[in-house]
Every structure is written in structure tokens, then in C-alpha cells.
Amino acid sequence: MVGQQLPRVAIIGAGSSGITALKTLVERGFDVTCFEASDRIGGTWVYENSNGTSACYRDLYINTSRLRMAYSDYPMPEDYPDYPNHTQIAAYFDDYVDHFGVRNWIRFQTSVSHAARLSDGTWELTLGDGSSEHFDALLVANGHHWDPRWPEPAFAGSDSFQGEQMHAHSYMRPDSLDGKDVVVLGIGNSAMDISVEASYTAENVYLAARRGAHIVPKYMFGKPTDQLGGWANPRIPFKLRQMVVAKLINTYVGKVTNFGLPEPDHQFGEAHPTVSSRILDRITHGAIKVKPNIRRLDGNEVEFDDGSRVHADVVIYCTGYKISFPFFDEDFISAPDNRIDLYRRVFHPEIKNLFFIGLLQPLGAVMPLSEAQGRWVADYLAGDYQLPADFEMRSFIADDMAKMQKRYVASKRHTIQVDFDDYLYDLAKEVAAGEARAAGSGNRRPVDALVAHEGAAA
Amino acid sequence: LAEQGARCMDCGVPFCHNGCPLGNLIPEWNDLVYRDDWSAAIVQLHATNNFPEFTGRLCPAPCEAACVLEIREGDSVTIKGIEMSIIDRAWQEGWVVPEPPRCESGRSVAIVGSGPAGLAAAQQLRRAGHRVVCFERDEAPGGLIRFGVPDFKIEKHVIDRRVQQLVDEGVELRYGVDVGVDISGEQLKSEFDAVVLAIGSRVPRDLDLPGRGLDGIHFAMDYLYGRNRWVAEQLGPQPPGAPPADLPTISAEGKHVIVIGGGDTGADCIGNAIREGALSVVQLELLPEPPEHRPDDSTPWPLWPQKYRLSYAMEEALEIGRGEQDFSVVTTHFSGVDGKVTTQHIAQAAAEPPFAPVPGTERELKAELVLLAAGFIHPETDGLVAELGCQLDGRGNVEAPTYGTSEAGVFVAGDARRGQSLIVWAIEEGRQCARMVHKYLAAQSAN
């Protein structure tokens, strides 16, 4: 394709998903610009990130082992622990960008305030300083752990509650809870971490669990749990894998009800797993008291569903995040109830030059999946891969949604779930099929290079 | 029945799969029946067969001929009986429900003909999300399984029940529309993204003999159509469309009937004729009488054995002393009185093609109704097929090695493609053709 220009590509976000897509596109010779609102790389992994998107607290350690989290061609340093701290993770991303030499393609401290699709299909990005730039294709990698989801509807009495109410997003350090009575709502990973941390400093910690969960320890049998071996093989039927893992964890951990947690209303694997090695320990020490869901807030007290009441200085809502795209007009693209229909979580079935990277919630880590997605999009833009027909994508999306609804507990948390190994396995097969399709129809590039290249970085 | 399921040995190489054109997962559902897990069995059965209640009633069961237990002739697992029990139970339990697509593809397919091939293609394509319109020239769906096969082999409400499932899934059926006459093939091509011809193989083999023009000599299918319409009129179910007016009535009542052709169509003619009260029914077959047992030198297990099978109809006719079955018989001519046939002149046929009459063996048979059931040679090709310009193969069938005809966007399935064959092949062809149509539509709209 000598002499024919490749499309000009924009990426929104230089977090763990944006940088790997950037690296691949640069390697493939695209003219790419990656917009990052912050002054540094890493997005949600940068503690106290100036762009306000970080969900990190000071003592956050990853809950998938570093082996699962690393990009395929850039392992984490040998001296990292199995479950590193967020600062190490952020440093790893920073190193990744320099290792592959793509920092120059990132425009720091440049937010994208608006992204509009013009009548010729190209993208007009309005930047933070009011200027605008044009692109042929747009990759969205703005993350999905930065826009807090508060309890809906709010608990009765929350408007007149005398204590503090906060979302897990703004929780930073345990010493802020020193000597206080703390109620933590939720049963996910943040709720586990925050209640454990609080249990060392706060006067009282109450964990209000709306439903039970299967607690997965970080280690089993002396190995990181996600490195235990063949159980994740996508060739093994899900039901069988579910049975084996549930058995293992049950044997290892025991019933969560023995610790006073509610009986899970679902089988293992039917909700996003809760990983914590310490929560059960702290409960058995009495440092965390388990409560049912909050019924209402009243003055300086919290009343639970069983009628019990406790004094509370702080209520921390670990109630998850919303998927949102502040730069898109809401009637153009939005994700009401966290639902957004995308082909294999990347391609918009109607808009053929818009892609979402890392917009998935794997049982495993996002980064290797974002890496695969970035390659996929690069293949597509280069004409090496051809999408299936629109109706095949729509029916895939519908089937995928039905499968997810069948498997997972109905919750706004479970709209973008994928199984790590299955996703990679299926995507590889689809890419092979699409390469054959593309070769069969002359490797035509699906997105034309229409906008003038501004010769930005290279 | 559980005992029959238990007899299945779940062979390492399941020859029954090989016997079945649909590749039915026979050992799987045999086992599920043995384990009394009928709801799982129907899932396995429906996975490869859209209409097990049709095949459970009408299929000659090549699977049973290929069953390893059939190496001792007559010992096979009663696969067909198990199949029918599974699907009958499923209907009874309400497990057969419409499975409409989760989303619409925005593409459309016209299917010409609503026989088993057309219906199978329609169901598969509809479930894949395409808009499907099935055109049927007769007044009711089913093709030969409605108008050829008698009610005592398949009750017509069985067909209606299944067609209702298709309708509930969103398949649109239009009756009394003869494509090529009422609407042109070009029109279909322009209105739909793909066209499937499932028009069967409906040109019967004729006998070009002196006296063929006499009154009382008919094609078997004309007789069977009449009988099936009569039964529908008398007993229902009423057809959704209007049957054509003033059709000639062909009746065997009180007559000496001769059926030329020793196959299933001939048998169905006999079954109808004796129910009507025919005085005698003689079935003539050109080929020599096959051996009583599987001939290991020509069709050894697991092939379909070319052996003598007493048809249900001849068994009935012999029972009441009105039946006769003759092999190696060739007809020389017909004669009659006042333009009506009275006598059929026959002779013994040579054992080898062209089965010429052996001199000196001529004799006469009393014949008041002669039904020609000597097979079908190819689909009707002078109307729609010619208009669309589809090429034919050497046998006069529509040429389509992978279901696509020589005309882009026009596909063919069933007897129209492979020549007259079993219902199980028709369903298989409908399914495979649907797959090729889906691939074609996908390739057409790939960006």
C-alpha cells in the first residue's frame, strides 16, 4: 500500500489501555495522537492523579497477580512481588511507554472536551484549550473506574445524615478514619480492602453486605490463585471449570457463612469475584462486624435491614462505577445502566471508525486484553482484518448479552464481563477468520484517510 | 424404550451417524432416553434435525441399517422409534416452543416451496435473523408430506403444529402463490436478498406406450393429491388456503387397480386404494425381486441393504386377499373400451437393462385404474428455473454443487438439487442451504 496514506488516529486516554493501543498503532506506522488530561501515564493507576480519574487508595495492591496483568511482550520486573502496589504498577506502565518509545505521541495535559462525528464520518475533537483537531478514526480508552456510582435510589435519610458520606473513589488513606465509627457498603474488592484497612484504625467497622460473595484468596496452595494452572482453559466447558474452582475455594476457604457473611445467592463465577486474603481474618478477629444492607440513615446512626442500628461517623459506598463518555453527546453514544452494545466490546456495530479499548471487566486483568484489542483495531485499520457483516455483529452482541444475563447476577456491575482466557482465545479465532475475509476481498482499508495529516509527532 | 436406549453400545465409531444424512447424535440421545432425561434428549435431537416428528414417522431409517447391532440382521437399536418418542414427548410436555432470533438482520430471503427442504431452510434462516417469506403454490404447507404421504402415515395436524412454530418465529407463508406464474422469479430476486428454490423433483416418469392416453391411467401423485384433499375435506385439518376448484376425482372404489412402480409412492397408492374399497390391487415392479436377506456381496453392512421389504400397504392388501405383487414385469401396452382402460398388457422383463419383454411371456391384467408410480426424473424446469436461467446438471436437476446455482443469489435445496430422495435428505439440504445463504448474505454485506 505504498503511497496510500493510512488513516489518522486519535486515542483518548493514556492509561493502561490507551498506551498499548498507541504502541501497536505506532509500530504499524499510523499517525496517532494520544490525548491525556493528566501530566503522566497510567490513568486510574496513578494515585492522586491530577486528572481526577484515579480510583487508587494509598494501600491498594492489585488483586490479579502480576503475571496475569503484564503485557505479552513486556513482563513486569522480576523483583516485583506477586501482587504489587499501585505505584509499582504505574511505574511499569511508564516504563512500557519508554521501552517502546511512544511517549512523543502522547499529548499530556490535553483533555478532550468534545468528540463529534462530522457528516463525512471524520472526527472533530475539541480540546481543553478550545482548539480542535480532525481524525479519521477514534479510539476511546477513557477507563470505566472513575465516575462513581452512588446507591440508587439514595438511602432514606441520606440528605440529613450528620456524618460523612463518601464513595470509595475518594477514599485515600486509613488514617483518615482514625477513631471513627465506619460503615462500609458493598461486597466487591474495594469494600474488602477499605473495610480491612479501616479495621486497623477506626473505632468500629461495619461491613454492610447486600448479598454474599465467594471470597477468593490471593494465594492458594502456595501460588497466586490465578496462576493455579489449567483450570482457566477455554476448551473446558465453563460449568466444569466453575465446579472445579468452586470446589477448590470451598475446600480452601470454607463457607463464607461460617464467618457471618451472607450466603451467596449465586454460584462461583456468576458474579465478578471478590478477591481478598484478609477480610475473613479481620472478621474472625471481630475487627469487622458484618451487617445486612443499609435500610436508612438517621441523624448520626445507620439502621440496617435487620433493624439493628449503629452510630456512624462515616459511610463509605463501595457501589461501583458508571461507564461514561463525557466527550460524547449523550444522544450520540452513552451507556445507560452501564450497557453499551459493542462487538466483542470494541467495535461499534454502526460507526465503523470508532473503537473502545479496555471497556471490559475480565475475570483476570484488563491489560493483556487491551493489548489484543489494540492489535485487532490496527489490523482492521490497515485492511488486514475485515469485520463480519453488520447483522452477524448485532446477533453476536445480542447472544453475548443473553449469555451474560443468564450467567451473572443481575447488576449494573455485570454488563461488560468477559472471561480472560476465553476472550483471548475467541478473539484470536475471529481475527483469523477476518484476515481470511480481508484477503478474499483485496485487503481494502475500511476507513479512508480523509483528514490532512498534520505530521504531528514522528 | 429405556431398554432399547440401553441396547445402544455408544460405539467408538458410530456407524448410525454415517447412516443418517442429518448426522443425528443418535448414541447421545439413546443414552439420555435410557437415563430418563427426555428434556436433554430433545435438545440433542433438535440440534441436528428441525423436524424429528417427520423423520420419526416417514424416514426409512438408514441409521438402523447402519447400526452395529444390525450386523445380526434385524437386531438394530430401534432408533427411529426412540426418535419419535423423544419428539412426541417434547410436544406433549410443551418443550417445543418458538425460538425467534434475538435480533433482526435486515436481510430477506424468499423460499419457493414449503416441503421439508423449504421449511427447514426457512426455520434456519429465520432463526439467524433474516426475514423469510415462503411461497407455496398449493393451499397448505408441507409439499409431498402433506399431499403425497397419506394421513395414516403422517397426520396432517403434525405438520400444522410444526409450521405454527415457524410462523411464531416469524416465518411468513404465502399459500396459493405459484412462483413463475403468479409472481416472476425476477420479482423475487429484486424484492429479496436471496432466493431459495425448494421446488422438489416433481416431473414423474411416464410410460410412452400404446394406449397411454386411455382414461383411467394417471400419475400416482395426482391420485395421492386427490386422496389427501379428500381426507382434509372430510376430517380436516382445513387448509389455510383454498384448494383449486374442479379438480378431477380419481377413485379406486370398486375397481381393479394396477400400480406401476414398487416404491413408497406405489405403496401409498395401494394403501389409499384398499381403504377406498378397490376390488384388487396389483403392484408391478420392473426390477427383479430382491433377496429376502441383506445381500452381503452387493450391499454389505453398513450400507443400505437392497433387500425385499414388504410394504405396510401390500401387507394390508394381502391380509384382505386383494393384493398381488409382481417383480420383473414390463408393460407393453394398454387397451380399453370406449376410451376407458380395461386391460394392461404385460410381459416378463429381462433381468438386465433395458428390461426388454421376454418373448412368449405376454399376459393380460384386468385394469380399471392404472397409477404410474415409477419415480420422478427431475424438477419442473421450464417455468421458474428457466426464467431465472439456472443451469441444470446432466440429470436435469438444478446444478448447485454448494447449494448456490449458476445465478448469484439463487440457491436450491432438496430434491430439486439432488433428485428424488428421502425426507431426511430434504431436511439436511434445507439446513445446509440455509448455511450457505447466510454466508452469502454475510459476504454480500461485509464492509
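You'll find the structure just up there.
Just so it is clear, the model here is predicted, and its values are computed rather than measured.

Draft legend 1. Region of the structure containing the overall build of chain A. When you go through chain A residue by residue, the secondary structure sums to nine helices and 24 strands. A globule of 458 residues ought to have a C-alpha radius of gyration of about 23 Å, and chain A, at 23 Å, matches this closely. For the C-alpha atoms alone, the extent of chain A along its principal axes is close to 70 × 50 × 45 Å. With 458 residues in all, chain A has 55% of them scored as buried. Pairs at least 24 apart in sequence give 69% of the contacts found in chain A among residues at least 6 apart. Accessible area for chain A stands at about 18800 Å²; split by element, carbon and sulfur atoms hold 49% of it. Taking the average place of the 45 positive charges on the side chains of chain A and the average place of its 60 negative ones, the gap between the two points comes to 6 Å.

Draft legend 2. Structural view of the pattern of salt bridges. Scanning the entire structure with this criterion turns up 56 salt bridges over all chains. Note that E430 of chain A and R437 of chain A form a salt bridge whose closest N and O atoms lie 2.7 Å from each other. On the basis of relative accessibility, which here comes to 9%, the residue E430 of chain A falls in the buried class. By relative accessible area, R437 of chain A is classed as partly exposed at 26%. One salt bridge in this structure joins R294 of chain B and D296 of chain B, with 3.4 Å as the shortest N-O distance. Its relative accessible area of 12% is what places R294 of chain B among the buried residues. Classification of D296 of chain B by relative accessible area gives exposed; the value is 53%. Connected through shared salt-bridge partners, R295, R296, D298, E301, E303 and R309 of chain A make up one network.

Draft legend 3. Region of the structure containing the sheet that holds strand 19 (residues 309-311) of chain A. Residue and element names in this part refer to chain A. An order of 17-18-19 is seen for the three strands of this open sheet, with the pairing classed as antiparallel. Both edges of this open sheet fall to strand 17 (294-298) and strand 19, since each of them pairs with a single strand only. Each adjacent strand pair in this sheet contributes to an overall mean axis angle of 25°, direction not counted. With four bridges joining them, strand 17 and strand 18 (residues 301-304) adopt antiparallel strand pairing. Within strand 18, the position partnered with I294 by the bridge is F304.

Draft legend 4. Spatial organisation of the packing of helix 1 (residues 16-27) of chain A against helix 3 (residues 86-99) of chain A. Residues and elements named next belong to chain A. Running from N to C, helix 1 and helix 3 cross one another at 15°; their axes reach a closest spacing of 10 Å. On the basis of their axis angle, the class for helix 1 and helix 3 is roughly parallel. Helix 3 is crossed by helix 1, and the crossing has left-handed handedness. Facing S16, I19, T20 and K23 of helix 1, the residues of helix 3 in contact are F93, Y96 and V97. Taken together, the residues of the contact of helix 1 with helix 3 break down into four nonpolar, two polar and one charged.

Draft legend 5. View of the interface of chain A and chain B. Across the contact, 14 residues belong to chain A and 13 residues belong to chain B. A buried area of about 1100 Å², summed over both sides, lies between chain A and chain B, and 54% of it is on carbon and sulfur atoms. On the chain A side of the contact with chain B, Q386, F391 and R394 of chain A bury the most area, a combined 40% of that side's loss. A salt bridge links D399 of chain A to R102 of chain B; the nearest nitrogen and oxygen atoms lie 2.6 Å apart.

Draft legend 6. Geometry of unusual backbone geometry. With an omega dihedral of -10°, the bond running from E152 of chain A to P153 of chain A counts as a cis peptide bond. Within the element layout of this structure, P153 of chain A appears in the loop between strand 8 (147-148) and strand 9 (164-167). Between P353 of chain B and the following residue, P354 of chain B, the backbone shows a cis peptide bond with an omega angle of 5°. Mapped onto the elements, P354 of chain B comes out in the loop between strand 11 (340-348) and strand 12 (363-366). For S328 of chain B, which is not glycine, the phi dihedral falls at a positive 55°. Mapped onto the elements, S328 of chain B comes out in the loop between strand 9 (323-326) and strand 10 (329-337). When its relative accessible area of 12% is taken as the criterion, S328 of chain B is described as buried.

Draft legend 7. Geometry of the packing of aromatic side chains. Residue and element names in this part refer to chain A. Tallying each qualifying case throughout the model produces 34 aromatic pairs over all chains. Arranged with centres 6.1 Å apart and planes meeting at 45°, the rings of W123 and F328 form a pair that is tilted. In this pair, W123 sits in strand 5 (residues 123-127) while F328 sits in the loop between strand 21 (321-322) and strand 22 (354-356), placing the two residues 205 residues apart along the sequence. Looking at W123, the relative accessible area reads 0%, which means it is buried.

Draft legend 8. Molecular detail of the side chain of D136 of chain A. All names here are of chain A. Tracing the sequence through the fold places D136 in the loop between strand 6 (132-135) and strand 7 (137-140). Buried within the structure, D136 lacks any salt-bridge partner; R8 is the closest side chain of opposite charge, at an N-O distance of 7.0 Å. Discounting residues that sit within four places of it in the chain, D136 has contacts with P7, R8, T122, W123, N353, V447, D448, A449, L450 and V451.

Draft legend 9. Helix 3 of chain A, seen in detail. Residues and elements named next belong to chain A. With 14 residues, helix 3 ought to run about 20 Å at 1.5 Å a step, and its terminal C-alpha atoms sit 20 Å apart, in line with that. Looking at the buried side of helix 3, the elements it contacts are helix 1, helix 2 (66-69), strand 3 (106-107) and helix 7 (367-382). Of the residues flanking the end of helix 3, it is G101, one or two places downstream, whose phi is positive at about 65°.

The rules behind the values
- Residues numbered from 1 in each chain as written.
- Chains lettered and ligands numbered in written order.
- Predicted model: local features only at pLDDT ≥ 70, side-chain atom pairs only at ≥ 80, totals over all residues.
- Heavy atoms only, no water.
- Helix = DSSP H or I, 4+ residues; strand = E, 2+ residues; numbered from the N terminus.
- Rg over C-alpha atoms; globule rule 2.2 N^0.38 Å.
- Buried < 20%, exposed > 50% of the residue type's maximum accessible area, 1.4 Å probe, protein only.
- Contact = heavy atoms within 4.5 Å.
- Areas by Shrake-Rupley, 256 points an atom, 1.4 Å probe, with all protein chains shown as cover.
- Lys, Arg positive; Asp, Glu negative; His and termini not counted.
- Charge placed at Lys NZ, Arg CZ, Asp CG, Glu CD.
- Salt bridge = Lys/Arg side-chain N within 4 Å of Asp/Glu carboxyl O.
- Pairing = 2+ DSSP bridges.
- Axes fitted to C-alpha atoms, helices over the stretch in contact; angles between N-to-C directions.
- Parallel < 35°, antiparallel > 145°, perpendicular 65-115°, else oblique.
- Left-handed = near helix turned anticlockwise from the far one by under 90°.
- Nonpolar A, V, L, I, M, F, W, Y, C, P; charged D, E, K, R; others polar.
- Buried area = accessible area lost by both parts, 1.4 Å probe.
- Phe/Tyr/Trp six-rings, centres within 6.5 Å; stacked < 30°, edge-to-face > 60°.
- Expected span 1.5 Å × (residues − 1).

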